[in-house]
Amino acid sequence: MRLDAQQAAPLRPLFNEGSVLVLDRHFTLSTAYRTHQNNLFAVRTQHTLLLGYVELRPGYLVLRPHARDYPVEVLRLSSHENLADHIVGRVCISFSEF
């Protein structure tokens, strides 16, 4: 996926507008892929894809941005939803223009 300005802003300085992220669509678990390293996920909402660090809370999916001056997104999970309904995949590769 190529980041637009709105998607890139909460991820600065890791990524900028126009960065291309490759998603591992088979890794949709909130557990760490590598020990002591946070996973950056693409999460589907009603209108867009959001990117951030995922935490699970009872009944909620919490998405934290990389930049601390942006708000945390909280998605309510209904009883019939699971993580695969929202988590698209883990960011595994990124390309940025210099």
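One can find the structure itself at the top, above this paragraph.
About the criteria used
- Each chain carries its own residue numbering, running from 1 in the direction its sequence is written.
- Since the coordinates come from a predicted model, pLDDT governs what is reported: local features require at least 70, and pairs of side-chain atoms require 80 or more to be given and counted, while whole-chain, interface and lining totals use all residues.
- Here the side-chain values reflect all heavy atoms present in the structure, with hydrogen atoms and water set aside.
- To qualify as a helix, a DSSP run of H or I must reach at least 4 residues; to qualify as a strand, a run of E must reach at least 2; elements of each kind are numbered from the N terminus.
- Exposed residues in this analysis have more than 50% of their type's maximum accessible area, buried residues have under 20%, and partly exposed residues fall in between, with area computed by a 1.4 Å probe over protein chains only.
- In what follows, a contact means two residues having at least one pair of non-hydrogen atoms within 4.5 Å.
- Methods summary: accessible areas were calculated by the Shrake-Rupley approach with a probe of 1.4 Å, and residue burial reflects only the protein chains presented.
- Any carboxyl oxygen of Asp or Glu that lies within 4 Å of a side-chain nitrogen of Lys or Arg is treated as forming a salt bridge with it.
- Any two strands are treated as partners once DSSP identifies two or more bridges connecting them.
- Axis lines are fitted to C-alpha atoms, over the contacting stretch for helices. Their N-to-C directions set the angle, which ranges from 0 to 180 degrees.
- Buried Ala, Val, Leu, Ile, Met, Phe, Trp, Tyr and Cys residues form a nonpolar core when they are joined through side-chain atoms within 4.5 Å.

**Q** Looking at this model, I keep getting lost on the overall build of the chain. Mind explaining?
**A** Regarding its fold elements, the chain presents 1 helix and 6 strands. Along the chain, helices (α) and strands (β) appear in the sequence α-β-β-β-β-β-β when read from the amino end. Buried residues in the chain amount to 36% of all 98 residues. Contacts in the chain between residues far apart in sequence, at least 24 positions, make up 49% of those at least 6 positions apart. Element-wise, carbon and sulfur atoms account for 51% of the exposed surface of the chain, whose accessible area totals about 6600 Å².

**Q** Looking at this structure, how should I read the pattern of salt bridges?
**A** Between side chains of opposite charge, a pair can form when the charged atoms approach closely. For the structure on display, the rule yields 3 salt bridges. A salt bridge links Arg90 to Asp24; the shortest N-O distance between them is 3.7 Å. With Arg90 in strand β6 (residues 87-95) and Asp24 in strand β1 (residues 20-24), the pair connects residues that are 66 residues apart, well separated along the chain. A salt bridge links Glu55 to Arg64, with the nearest nitrogen and oxygen atoms 2.6 Å apart. Judged by relative accessible area, Glu55 falls into the partly exposed class, the value being 24%.

**Q** Is there a simple way to explain the environment of Glu17 in this structure?
**A** Along the polypeptide, Glu17 turns up in the loop between α1 (5-8) and β1. Spatially, the C-alpha atoms of Glu17 and Ser96 are 8.7 Å apart, while their sequence positions differ by 79 residues. Non-local contacts of Glu17, meaning those with residues more than four positions away in its chain, are made with Leu3, Asp4, Ala5, Ala8 and Arg12.

**Q** Quick question: what am I supposed to make of the environment of Phe95 here?
**A** Relative to the helices and strands, Phe95 is located in strand β6. Along the primary structure Phe95 and Val20 are separated by 75 residues, whereas in three dimensions their C-alpha atoms are 5.0 Å apart. Beyond its immediate sequence surroundings of up to four residues, Phe95 is in contact with Ser19, Val20 and Val22.

**Q** Got a minute to help me understand the sheet that holds strand β3 (residues 49-57) in this structure?
**A** By way of backbone hydrogen bonds, the strands of a sheet pair with one another, either parallel or antiparallel. The 6 strands lie next to each other as β1-β6-β2-β3-β4-β5, forming an open sheet whose pairing is antiparallel. Edge positions in the sheet fall to β1 and β5 (73-76), since each of these pairs with one other strand and no more. The average angle at which neighbouring strand axes cross in this sheet is 50 degrees, direction not considered.

**Q** Which parts of the structure should I look at to understand the nonpolar core?
**A** Nonpolar side chains in soluble globular proteins generally cluster together in the buried interior. Listed in full, the 11 residues of the largest apolar core are Leu3, Ala8, Leu11, Phe15, Leu21, Leu40, Ala42, Leu51, Tyr53, Val88 and Val91. Put simply, the parts of the chain that give this core at least two residues each are β2 (40-44), β3 and β6. Core analysis: the second largest hydrophobic core is formed by 9 residues, Val43, Val54, Leu77 and Ile87 among them.

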